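Architecture at a glance
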Amino acid sequence: MPPTLASLVHHSALKLTVRAGEDGLDVPVRWAHVSELADPVPYMEGGELLLITALKLDAEDPEVMRRYVKRLADAGVVGLGFAVGVNYDDVPEALVEAARQEGLPLLEVPRRTPFLAISKAVSAAIAADQYRAVTAGFAAQRELTRQALTDGPEGLLAALASQVDGWAALYDASGAVVAAAPEWAGRRAARLTADVQRLRERPAPASSVVGGAATAEHPESADRVELHSLGTSRRPRSALAVGTAAALGTAERYAVHSAIALLTLTTERSRSLHEAEQRIDAAVLRMLLAGEPDHARTVAGDLYGGLLDAPFRMVVAEAASASAARTHAGPHARGPATRPRPSAAALAAADTDGDPLGALAEVVESAAARSGESVLVVPEGERLVVLATDGGAAVAACVEYASALETAHPEPMPGGDEEGLVVGLSAPSGPIAASAAYKQAEQALSVARRRGRVCVEHEHLAAGSVLPLLADDAVRAFADGLLRALRDHDATGRGDLVASLRAWLSRHGQWDAAAADLGVHRHTLRYRMRRVEEILGRSLDDPDVRMELWLALKATSSD
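If you're wondering where the values come from, they're calculated on a predicted model, not measured in any experiment. (Residues numbered from 1 in each chain as written. Predicted model: local features only at pLDDT ≥ 70, side-chain atom pairs only at ≥ 80, totals over all residues. Heavy atoms only, no water.)

1. Details of the overall build of the protein chain
Defined as follows: Only DSSP runs of H or I with at least four residues qualify as helices, and only runs of E with at least two residues qualify as strands; both kinds are numbered from the N terminus onward. Relative accessibility thresholds used throughout: buried, under 20% of the residue-type maximum; exposed, over 50%; partly exposed, between the two (1.4 Å probe, protein chains only). Throughout, a contact is declared for two residues whenever any of their heavy atoms are within 4.5 Å. Throughout, the Shrake-Rupley method with a 1.4 Å probe supplies accessible areas, and for residues the shown protein chains are the sole cover considered.
Helix and strand content of the protein chain: 20 helices and 15 strands. A burial count over the protein chain gives 45% of its 559 residues as buried. Of all intrachain contacts in the protein chain linking residues separated by at least 6 positions in sequence, the fraction that spans at least 24 positions is 66%. Only carbon and sulfur atoms are counted for the fraction: they give 53% of the accessible area of the protein chain, which is about 27500 Å².

Okay, structure coming up:
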């Protein structure tokens, strides 16, 4: 620890005597400074032991000493050393009384002790304390490295918590707690999710200090917490929290910096390794889509655990701007959908920072890492392909994230939103049917694009209606062209052929029921249907003709 006034008093070579302020001797001394100025305060920083001979002071004037000592105490000076036998044979009583009133330690310095000796003693003690801190820091670094190599991030956090006499926690990209030490610290760390998310909004490397107030339920909240972003990219991949009862010392600071470096190496894989893994991911995906699951398993080895043996879901995602470029259809109203209510963390993660595919990959990978799942993530140009365990955390995180995006942006943006996302999710499948799952995900993606939705699951398509798929300009143009002749006929007032056709088709060609709906005789309805055939040049006995006419009527039903 740094030198204190008490350690200087006990220094056998200095022979210092305490004349006032005995209760303040345990205060650390930052430096020993000599000044004979009548007002040295402008040149003080606080924490100094001021050494004087009262060369320019009337040390016997009680009022002068009272003002002098008060200014020193208010400036943070921790002690006053007065040399006797130079200008005064003894410490003036006025100075002693003023020091007592302010509680400022006053040390009598004998004539045979030069101020230089006191300065050297303070300097040597500070240097020794710094050397101890550096040595302890290196020892902590070795221990943290050993724990990181043997027990991973969990072991490193436990060692760090022990080094700082506090607690430590690791967060993923979404602000969720990945690991914490000691065990109770997980509850404290979870209450800092919002602070971690705010930290991620700042360019890396970033850090902040937050403090909490103790409550009856959470007495551990009365601590000082440092938050540090981890990673080298502009958007941090994770964060470290370190909680202590007081500000960190030099040795503890070394330990925290070492932990930041080690966790960055652990969580932020090297670019070359990451690119190599991406190439393996892409190769495995190509083999699966080519119908070669056995070769895919051979190449993957143990990289994906049991992912290729269990039912999985295929996800195909595009940025909304890319999806808009793939279709000439304008924005359509969203179809009804039942989706999970997004959590606060998912809503916060919905800030894509201009890279929606990268943000989705981050969310999926973080969820998989937290649950111990394997996941395959492959960027394909303007697309992102994900293969994840059916019913697992990664799929759930993907759906929740898409729901959060849809909640944050309830209306589709004309021409595509650069920060938006369109996601298609296949039905559960296996390695043999990977190609079919990919096609399902593409189909769901296409439907999501046309409906103006963020995410559509292939399983839900059959449960819905085909009618929303008709909301397309090309379909409407076909429908208008097919029915134009009938509408032109009706416009002349020569019969209601369109309404009669709709009634007849809705009644599956049952003459009596359709005529009753229209309020006409069945012979009148038969005549109208013959006129429809004559005008269109098509036979209503043809099921394909009936289907096309019915879809045309449904596509233009809002007109």
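2. Overview of the packing of aromatic side chains
Selection criterion: Centres within 6.5 Å make a pair out of two Phe, Tyr or Trp rings, where for Trp the six-membered ring is used; the pair is then stacked when the planes are under 30 degrees apart, edge-to-face when over 60, and tilted otherwise.
Applying the stated criterion across every chain yields a total of two aromatic pairs. Both rings, one in Phe82 and one in Tyr88, keep their centres 6.0 Å apart while their planes meet at 50°; by these two values the pair is tilted. Tyr88 shares its class with Phe82; the two are buried.

3. A word on unusual backbone geometry
A cis amide bond, omega -10°, links Ala181 with the succeeding residue Pro182. Mapped onto the elements, Pro182 comes out in the loop between β7 (177-181) and α5 (185-190). Positive phi, close to 60°, is recorded for Ala54, a residue that is not glycine. Within the element layout of this structure, Ala54 appears in the loop between β3 (48-52) and α2 (62-74). Residue classification places Ala54 among the buried positions, given a relative accessible area of 3%. A positive phi angle, near 55°, is found at His508, a position not held by glycine. Mapping His508 onto the fold places it in the loop between α17 (497-506) and α18 (511-518).

4. Concerning the state of the cysteines
Inclusion rule: We call a pair of cysteine sulfur atoms a disulfide when they lie within 2.5 Å.
This model, assessed by the stated rule, comprises zero disulfides. Summary of cysteine pairing: Cys398 is not part of a disulfide, and the nearest cysteine sulfur, belonging to Cys455, is at 5.7 Å. Residue classification places Cys455 among the buried residues on the basis of a relative accessible area of 11%.

5. So, the pattern of salt bridges
Stated precisely, the cut-off is as follows: Here, a salt bridge means any side-chain nitrogen of Lys or Arg that lies within 4 Å of a carboxyl oxygen of Asp or Glu.
Applying the stated criterion across every chain yields a total of 28 salt bridges. Across the pair Glu93 and Arg100 runs a salt bridge, and its minimum N-O distance is 3.7 Å. Of the charged contacts, one joins Arg297 and Asp309 as a salt bridge, the two residues approaching to 2.8 Å between their closest N and O atoms. Remark: Asp309 occurs in the loop between α9 (293-300) and β11 (312-319) and Arg297 occurs in helix α9; sequence separation between them is 12 residues. For Arg297, a relative accessible area of 30% corresponds to the partly exposed category.

6. Some details on helix α12 (residues 356-371)
Our working rule: By this rule the span expected of a helix is its residue count minus one, scaled by 1.5 Å.
Compared with the 22 Å implied by 1.5 Å per residue over 16 residues, the 23 Å span of α12 between its first and last C-alpha is a close match. Residues Pro356, Leu357, Ala359, Leu360, Ala361, Glu362, Val363, Val364, Ser366, Ala367 and Ala368 constitute the buried set of α12. At the exit of α12 stands Gly372, carrying a positive phi of roughly 75°.

7. Quick notes on the sheet that holds strand β2 (residues 31-34)
Note the following rule: Two strands are counted as paired when DSSP detects at least two bridges linking them. Here an axis means a line fitted to C-alpha atoms, over the contact stretch when the element is a helix, while the angle between two N-to-C directions is reported on a 0 to 180 degree scale.
Strand order in the open sheet formed by five strands is β1-β5-β4-β3-β2, with mixed pairing between adjacent strands. The outermost strands of the open sheet, each flanked by one partner alone, are β1 (17-20) and β2. Adjacent strand axes in the sheet meet at a mean angle of 30°, parallel and antiparallel pairs treated alike. Pairing analysis gives four bridges linking strand β4 (residues 79-83) to strand β5 (residues 106-109), with the strands arranged parallel.

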